[in-house]
Each structure stands twice: as C-alpha cells, then as structure tokens.
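# Structural description and commentary
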Amino acid sequence: MTLTMNTQCPFCSVQCKMTVEIAPGEARQRSGFQATGVPNAASEGRLCVKGMNAHQHASSRDRLLYPLVRKNGELVRASWEEALDTVAARFSAIQEAYGRDAVGVYGGGSLTNETAYALGKFARVALRSRYIDYNGRFCMSAAASAGVKTFGIDRGLTNQLSEIPLAECIILAGTNIAECQPTLMPYFIRAKENGAFIIVIDPRATATAELADLHLQVKPGTDSALVSGMLKVILDENLIDSAFIQSRTTNFDQLKADLLRIDLEGIAELTGVSVEQIRAAAVTYAKAGTGMVFTARGVEQHADGHMAVRNFLNMVLATGKIGREGCGYGAVTGQGNGQGGREHGQKADQLPGYRSIENENDRAFVAKVWGIPPEELPGKGVSAYEMMELVYKEQIKALFVMGSNPVVSNPHASMVEEGIRKLDFLVVADMFLSETAKYADIVLPVTSYMENEGTLTNLEGRVLLREAARPAPGETLHDWQILCSVAERLGRGTYFPFKDAEEIFNELRKASQGGIADYFGITYERLRREEGIYWPCPSTDHPGTGRLFERSFAHSDGLARFQTVPVASQGEETDGEYPLIMTNGRVLPHYLTGVQTRRSPVLAAKFVESFMEIHPLTARKHRIEDGALVRVSSKRGTVTVRSRYSDKIREDTVFIPMHWGDAQNVNLATNPELDPYCKMPDFKVSAVRVRPLAEE
Ligand code: SF4
C-alpha cells in the first residue's frame, strides 16, 4: 500500500509544506517517492528541485544508523549506553581538569526550535559552560543585530510574503532568491505583472537579476556606499517622507548632515555603478507609493555587514516605506530554521525569546523558568568563529557539535580544521559522517526531517509545526533526546524531563513570554489547526502578528533609529599579488556545506563538483582556460576548483560556491575578519590570485 506522509522541506527558510508518497516496499530506497507541495503553505503549493528530492538524502545508504566510538583510531559501532556514558564521563573529566568553560557547544540553524532551545539550556544548565554559539552566526547575525538596533526587534520579514505583489518597487540586494529560495520567485513575478519596478543589486547577473528592470552590478563590498548615494539623491530631490521621519523615528538630522557631504561621483567610482543608475534606482524607489527592500548574505557577510544593513534600513525609514501594506523590509534567511534557530538561546549572547544574557531581568526570568538560581547562569560566551579560535588555542578542550559542519563552514578553514584535530574530545551529532564528524571521538546518529517532530519558524516569522512522517530508522535518536540523556548522566536530568518535542515547546513558550520573540500564545494544538502563526503572539487568543510596526517600533519609546554609516568599501583590498576579489554563495541544488544535498543523487548530479565563475576577459589575462583546474589563493590558503567562463560576473571578481569541503572548500581562502557589532566574518570579499593548476 502506498504510504502518504505530510512533512516540510528542510532545505531553506521558506519551509515548503509537502506530502511525500512512498510506493510499497520503498521506504529505505531512494526511488519510489513522489513529493507534492501543499497549496496552503508559504510556497502556495510549489516545491523546488531541492524539496522534490529531499527524501533522497533522508533515505540515503550513507545515513548513520547507530552510534560510533573511536577505538584504536577507528570509528566503530557502539551501543547508545557506551557512547553516552563516554560523552558524559569525558566532558566531566575535562571540566574537572580545566574548568567548565573548557567544553563548548556548537549548534546549527537547521535544528528545530525545540532542539535549539534544549541545546542552549544544555550548555548553560547541564554543562554550565559559557561557550555556545552556532552556524547561524554566519547567516543572519548582521541583519539580526541591525534590526534590533534600528527597529528594536529582529524578524526576517516585517510583512507576510503575500504582500510582495502589492509593492510598486522592490529592491533585492545581495540575494539570489531564484536559486536560494526558488518557490518565492512567483511572488516577485506577480509583483512585476502588477507593474512593480524591480531593482537587483548584485555583482553577478544571477538568475534573480533576470527579473530586474534595473540591475546595479555593484563592486563586491560596496552595497552600503551605493545606498548612501541613493539616500543622497532622495534627500537632494526632497523625496523623503518628512511626516514619517518626524513622528516615527529619531536621529535623522545626524544622518542628513552626513549625507549632505557625500559626493555622488565618488560613490559611482567606488561602487562601479553610474550616477545615472544610482539616481534612477533612488528616485524610482522613493517615488513609488509602496516598496519593499530585501537583503541577504551579499550585503550582510562583511566585516561591517551590520552597518551595511542599517544603511538599507535608513533608506526604508527615510521614505516611510514600512508598517503599511506592501511596504517593509526582509532579511532573506538562508537556513531551514534560520529565524527560529536564533531566537531560543543558541547564540552566545542570548537566552530564549531573544532575551539578553547580559540583562539582569532577562537572566532572572529565564533562570526562574529553568528552576536554577540566576547566579548559576553562565555569562556571555563568544561567537562561532571566536570559539574556533579558542579551540585552536587549546583553551576549549572538548566540543559538542550538533547539526553543523564547522570544518567546512568557518572562514580560514585550515586553521579551524587544525584546531578541531587538536581537541581532547569531539562529539558530533549528525545524520552523516560529515567533514567534521570524521574527526570525532563519538558520532551520534540523529533523525532527519522526515522522522523528527518539531516547530520551525520560516523567514516571515511564521511558526510551523512539522510532524514526524515515519519512525526513526535504525538506532537513530532525536537531537533533543540525546541532550536529555547526556544531561541525565551529568547529574542534571531533573532539568531535562522532556518526553516529547511538545513538552520542550511548552517550556520554550514560557521562557519566551514577554520577550522580543514571544511564542507564548502558540501551541501545538493551534499549529495543527492553523496554517502557522506569526510571532509575536503573546496569548493563546492572539492571532499572531503578520505585519510589524504599523503603529510603533519595538524600542521603548516606539521610535525607529536612523544610523549614520561611513561611506567606504568593505573587505580586503586587492593588490598586485592578489588582484581579484573572490566572493561566494549558493547554487540551486545544494544546501549549506552540502553534507545532505551531496548525498542526494539527483541534486549531486546537477553539480558534481565546485567551480570558479570568471569573466572570459579576466580568465585570458590570467591564462585560464574554460574548464581548467585552477588554484585560487588568498593570504589564508588555496582552493582548487574548475574554471567556468561567464560574462555575467564583473571582470574584477570571481565567484566560488560554498557547498564543498576538502580542497574545493572556498573557506580555505575566505577572510575571518569579524564585524565588531555582530561577529559576522567577512566571507564575501577576499583578495585572491588565480593560477592554472598546470602552472603550479
Ligand atoms: Fe521550498 Fe526552500 Fe525546500 Fe525549495 S529548498 S522546496 S524553496 S523549502
């Protein structure tokens, strides 16, 4: 009999709902599956190629089905009892010898809200270590911190997706939605059919840029300077919304004084975008009756990504395009639970509900929910990359990695890999033997999206319940079950009494109550009945909040903050030795470091290896043939990939996707300089040289 399962695609922040039909006898095979989108979801029934084939990795023969323990240098099968006893004993011994902070925890933005919450609590209550952070630091931290500073709140989209077709002008900056969140494209196509003018800001003529009425092919790292130019035009032509600025914001005068000093010709030279194009973009956006601005990693993954996003928000505020229908801002999250993953305590500086770990009231509130004295709560830790530096310096001696692959995803990957090898003890919970898991002392097999019930919060801030669609295969456990079992062995089981994901969610609701991300009114029962609920949702009779900031912003005075932003190019300067800019990003069939999508035959076949996109004129200058193996080197290291000619990229820039490890790992060469506000590394601009492999 054909089995029909309801589930949710794990591969991006849209979280498309779907049904998967499995032909008789095919449950462990990779064929015999049929995935179909569910019409009432954010994606309106659409699925992209990743969603249609997600079941392949979940049913892969590479799935880890039982715990592995390293013995005589080899990872060998072990019982859960042996594996978990060893984890607890080694963590305890290391903490006894070196102190509690000698053990760190590294989470992921694809974990469910329940696991993210349990992981934050595990680090602080079971291990009592200050060191926890997660790979979302590399995803959303710039936009998140900018949203908190400007609006007083961080939610990916300030509006519902359904409002996109109502916008008369849309700016898509550093976001390649056509490849990263493909099922969202019809919203933008519908806007265009309604007459919207679409502006794409990107160094590459991406698939998304094909939709643009105006493509600003900006030099990497100069998005913020470009916005300063646009703001200058908006101010000079008196296209600001004075009434909105006066009644809803503060600090505009300071920004205005700075803008008056800006030289538009200088901005054009810095950004590579002509004055005419800057003017056209600024005037079109400002004059439109409604408008929306979207940013993603192209704007955010810089050592001053926080300020770059704040400049886009300056433009949104200056034109009064927020808090009403068809007007707003969206940080287009990448990871499956990029939004929820950052709200519930995996971040070094945050407690559940987006509460601050440095605020006494917030600490006391969460400590009470957890049943511990506030003084027992550890303080603020450090960001993901800074944790890797502490690992390298051997200050962190043991690491617990859950749902992440830091050996590939961190910048300066060779340093990170060396640090991981130096650890006294590494535990990795994963579905596969990832590049990081290969170095582990203990590998713990976990359930996939098909087997693990829990909530995820999509890019709109809409909380969705993903039900388990089939039993856990082999001896796999849910991530949160592993955390509870280790906590029990550490003598802290009384704080982890959870029998199922819903019990964790109910505690999360209490811990988030009254916080920025307030989930208190959201219950599993409601989520089963409704089509997802937008936070903040402070009570069980509250409908949720689809559109933010209609009457006030979330700062205590209700006003949004303008921020002056210096006009400068972001990132490492090129020179005679490293004359080109290397930038990176995604390709359609792959997700994050590719641990899952490289194990889906259909997805893997679409891109079997990484590549370097290079303009033919640049390639010839550097004696690079199309399709030749090349060495791309920065001051940090060298990536070896195959060249791919494209006239869709700027002549001063090369592009390498981020989904491969080992010699193809783009992060061997990326720049680890961190943004001082959010600790985002400067992934998007690295000075490099390119050489044919044959010449090395
Ligand atoms: Fe939907 Fe994203 Fe999955 Fe594609 S990858 S099916 S857009 S959730």
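Residues numbered from 1 in each chain as written. Predicted model: local features only at pLDDT ≥ 70, side-chain atom pairs only at ≥ 80, totals over all residues.

The name that an unreviewed UniProt entry assigns to the protein chain is Assimilatory nitrate reductase catalytic subunit, with the source organism given as Paenibacillus favisporus. What UniProt states about the protein chain under its Cofactor (unreviewed entry) heading is, verbatim, "Mo-bis(molybdopterin guanine dinucleotide)". (UniProt positions renumbered as here; feature names shortened; annotations may be inferred.)

The sheet contact formed by strand β24 (residues 611–614) and strand β26 (residues 638–645) spans four bridges and is parallel. Looking at the pairing, Ile 614 lines up with Tyr 645 of β26. As paired strands, strand β25 (residues 629–633) and β26 are joined by five bridges and run antiparallel to one another. Counterpart to Val 630 in the pairing with β26 is Val 641. Hairpin connection from β25 to β26: four residues lie between these consecutive antiparallel strands. (Pairing = 2+ DSSP bridges. Helix = DSSP H or I, 4+ residues; strand = E, 2+ residues; numbered from the N terminus.)

Now for the domain arrangement of the protein chain. The domains assigned to the protein chain are domain 1 (3–58), domain 2 (68–137 + 337–499), domain 3 (141–331) and domain 4 (580–695). The gap between the C-alpha centroids of domain 1 and domain 3 is 34 Å. If you look at the interface, domain 1 gives nine residues, while domain 3 gives seven residues. In terms of residue class, the side of domain 1 that touches domain 3 is built from six nonpolar, two polar and one charged. (Domains from an automatic or database assignment. Contact = placed C-beta atoms within 7 Å. Nonpolar A, V, L, I, M, F, W, Y, C, P; charged D, E, K, R; others polar.)

With that settled, the discussion passes to the site of the ligand. The local shell around the ligand holds 14 residues, among which Cys 9, Cys 12, Cys 16, Cys 48 and Gly 51 are the closest. Looking at the shell around the ligand residue by residue, the classes come out as eight nonpolar, five polar and one charged. (Near = placed C-beta within 6 Å.)

A few words now on the packing of helix α7 (residues 223–236) against helix α10 (residues 264–271). As a packed pair, α7 and α10 sit with axes 9 Å apart at the nearest point and diverge in direction by 155°. Here α7 lies roughly antiparallel to α10, going by the angle between them. Of the two possible hands of crossing, α7 and α10 adopt the one that is left-handed. Contact residues: Ala 225, Leu 226, Ser 228, Gly 229 and Lys 232 in α7; Leu 264, Ile 267, Leu 270 and Thr 271 in α10. The residue inventory of the contact of α7 with α10, partitioned by class, reads five nonpolar, three polar and one charged. (Axes fitted to C-alpha atoms, helices over the stretch in contact; angles between N-to-C directions. Parallel < 35°, antiparallel > 145°, perpendicular 65-115°, else oblique. Left-handed = near helix turned anticlockwise from the far one by under 90°.)

What follows deals with the sheet that holds strand β5 (residues 74–77). Read across the sheet, seven strands follow the order β5-β4-β18-β17-β16-β6-β7 without closing on themselves; strand pairing throughout is mixed. The two strands at the open ends of the sheet, each matched to only one other strand, are β5 and β7 (132–134). Taking the axes of each pair of neighbouring strands and ignoring which way they run, one obtains an average angle of 20° across the sheet.

Before going further, it helps to spend a moment on the environment of Asn 176. The residue Asn 176 is located in the loop between β8 (169–173) and α5 (177–180) in this model. Taking the C-alpha atoms as reference, Asn 176 lies 44 Å from Ser 79; in sequence the two are 97 residues apart. Asn 176 has contacts with Thr 206, Ala 207, Thr 208, Gly 585 and Arg 586, leaving out every residue within four places of it along the chain.

This next bit is on the environment of Gly 328. Position of Gly 328 relative to the elements: it lies in strand β13 (residues 328–331). Not counting residues up to four positions away in its chain, the partners in contact with Gly 328 are Leu 157, Thr 158, Asn 159, Met 292 and Ile 322.

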